[in-house]
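# Working through the structure, step by step
Here is what each chain is made of, one letter per residue.
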Amino acid sequence: MIIQTKTKTKAKPFLKWAGGKTQLLPTIDSFLPDTFREEDNVTYIEPFVGGGAMLFFMLQKYPNIKNAIANDINPHLIKTYTIIRDEPFSLIDIIDVPLKSERVL
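Report follows, based on the coordinates.

Cut-off values and rules
The numbers attached to residues start from 1 for each chain and follow its sequence in the written order. Local features are withheld for residues below a pLDDT of 70 in this predicted model, meaning they are given only at 70 or higher, and side-chain atom pairs are given and counted only at 80 or more; totals for whole chains, interfaces and linings count all residues. Only heavy atoms go into the side-chain values, all of them from the structure, while hydrogens and water stay out. Each aromatic pair joins two rings of Phe, Tyr and Trp (for Trp, the six-membered one) with centres within 6.5 Å, and gets the label stacked for planes under 30 degrees apart, edge-to-face for over 60, and tilted for any other angle. Secondary structure elements follow DSSP: runs of H or I no shorter than four residues count as helices, runs of E no shorter than two count as strands, and numbering proceeds from the N terminus. Relative accessibility decides the category of a residue: with a 1.4 Å probe and only protein chains considered, values under 20% of the type maximum give buried, values over 50% give exposed, and everything between is partly exposed. Grid points spaced at 1 Å over the protein atoms alone were grouped into cavities, where a 1.4 Å probe fits but cannot get out, and pockets, open sets with protein on both sides within 12 Å along at least five of seven lines, with lining residues defined by an atom within 4 Å of a point. Grid points are joined across faces, edges and corners, and a volume is the space filled by probe spheres set on the points. Residues are sorted three ways: Asp, Glu, Lys and Arg are charged, Ala, Val, Leu, Ile, Met, Phe, Trp, Tyr, Cys and Pro are nonpolar, and all the rest, Gly among them, are polar. Two strands are counted as paired when DSSP detects at least two bridges linking them. Look down the strands so they point away from you; if going from the first strand over the helix to the second traces a clockwise path, that crossover is right-handed. The span expected for a helix works out to 1.5 Å for each residue beyond the first. In this description, the arc belongs to the directions extending from the helix axis to the C-beta atoms. When checking whether two residues touch, look at their non-hydrogen atoms; a contact exists if any pair is within 4.5 Å. Whenever two N or O atoms come within 3.5 Å, that pair is a polar contact, provided that in protein one can donate a hydrogen and the other can accept it, and provided that, for residues adjacent in sequence, both atoms are side-chain atoms. Charge convention: Lys and Arg are scored as positive, Asp and Glu as negative, and His as well as the terminal groups of each chain are ignored. Within this document, salt bridges are pairs made up of a side-chain nitrogen of Lys or Arg and a carboxyl oxygen of Asp or Glu, the two lying within 4 Å of each other. What makes a nonpolar core is a set of buried Ala, Val, Leu, Ile, Met, Phe, Trp, Tyr and Cys residues whose side-chain atoms join them at distances within 4.5 Å.

### Some details on the packing of aromatic side chains
Applying the stated criterion across every chain, the model contains one aromatic pair. Centre to centre, the rings of Phe-36 and Tyr-62 are 4.9 Å apart; their planes meet at 90°, and the pair counts as edge-to-face. Here Phe-36, found in the loop between helix 1 (25-30) and strand 2 (42-46), pairs with Tyr-62, found in the loop between helix 2 (53-61) and strand 3 (65-70); they are 26 residues apart in sequence, far enough to count as distant. What makes Tyr-62 buried here is its relative accessible area of 6%.

Structure, rendered in structure tokens:
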């Protein structure tokens, strides 16, 4: 799945994921070369996206990342990210339907 970065909205993982990297972000970040921020037109590849903590961290901290490729062995997870990327308003409508019907009751 390829993600093009076009927005300044702060994104966070939408789910908790076993093996998540949230607590490791500062450590992982410290292993990047000091010149990473100076590289132009970077493509970030996330081989194990899971909840997306590392992906979202990198996209927000490094504006020189112009494209990102998110992968995971779980096809349902990748399908979820694809729907969020490609059809966010349809997803909101689907999620919101039960909430609207609950309010009526």
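We are not done yet, so read on.
### Some remarks on the layout of surface pockets
Approximately 220 Å³ is the volume found for the second largest pocket. Forming the walls of the second largest pocket are 16 residues, and the residues nearest its centre are Trp-17, Gly-20, Lys-21, Thr-22 and Ala-53. Taken together, the residues that form the lining of the second largest pocket break down as eight nonpolar, six polar and two charged.

### Digging into the pairing of strand 3
In the case of a regular strand, side chains alternate between the two sheet surfaces. Where strand 2 meets strand 3, five bridges bridge the pair, whose relative direction is parallel. By the bridge assignment for strand 3, Tyr-44 is matched with Ala-68. Once the chain exits strand 2 it traverses helix 2 before rejoining the sheet at strand 3, and the crossover so formed is right-handed.

### A short note on helix 3 (residues 75-86)
The end-to-end C-alpha separation of helix 3 is 16 Å, in line with the 16 Å expected for 12 residues at 1.5 Å each. Within helix 3, the full set of buried residues consists of Leu-77, Ile-78 and Tyr-81. Each buried residue of helix 3 sits inside an arc of 95° when the element is viewed along its axis, so together they form one side. More than 90 degrees from the buried face of helix 3, the exposed residues found are Pro-75, His-76 and Lys-79. Summarising the contacts, the buried residues of helix 3 are in contact with helix 2 and strand 3. The N-terminus of helix 3 is capped by Asn-74, whose side-chain oxygen sits 2.9 Å from the backbone nitrogen of His-76.

### As for the side chain of Asp-72
Tracing the backbone through its elements, the reader meets Asp-72 in the loop between strand 3 and helix 3. Notably, Asp-72 is buried but unbridged: the nearest opposite-charge side chain belongs to Lys-21, and the N-O separation is 7.0 Å. Among the polar contacts made by the side chain of Asp-72, one reaches the main-chain amide nitrogen of Val-49 at a distance of 3.5 Å. Side-chain polar atoms of Asp-72 contact the backbone nitrogen of Asn-74, separated by 3.0 Å. Those residues in contact with Asp-72, other than ones at most four positions away along the chain, are Pro-47, Phe-48, Val-49, Gly-50, Leu-77 and Ile-78.

### Re the nonpolar core
Core analysis: the largest hydrophobic core is formed by 17 residues, its most contacted members being Phe-36, Tyr-44, Val-49, Leu-55, Met-58 and Ile-65. Looking at this core, the elements that each hand over two or more residues are strand 2, helix 2, strand 3 and helix 3. Residue contributions to this core peak at five residues, all from helix 2. Setting aside its immediate chain neighbours within four residues, Met-58 contacts Leu-32, Phe-36, Tyr-44 and Ile-65.

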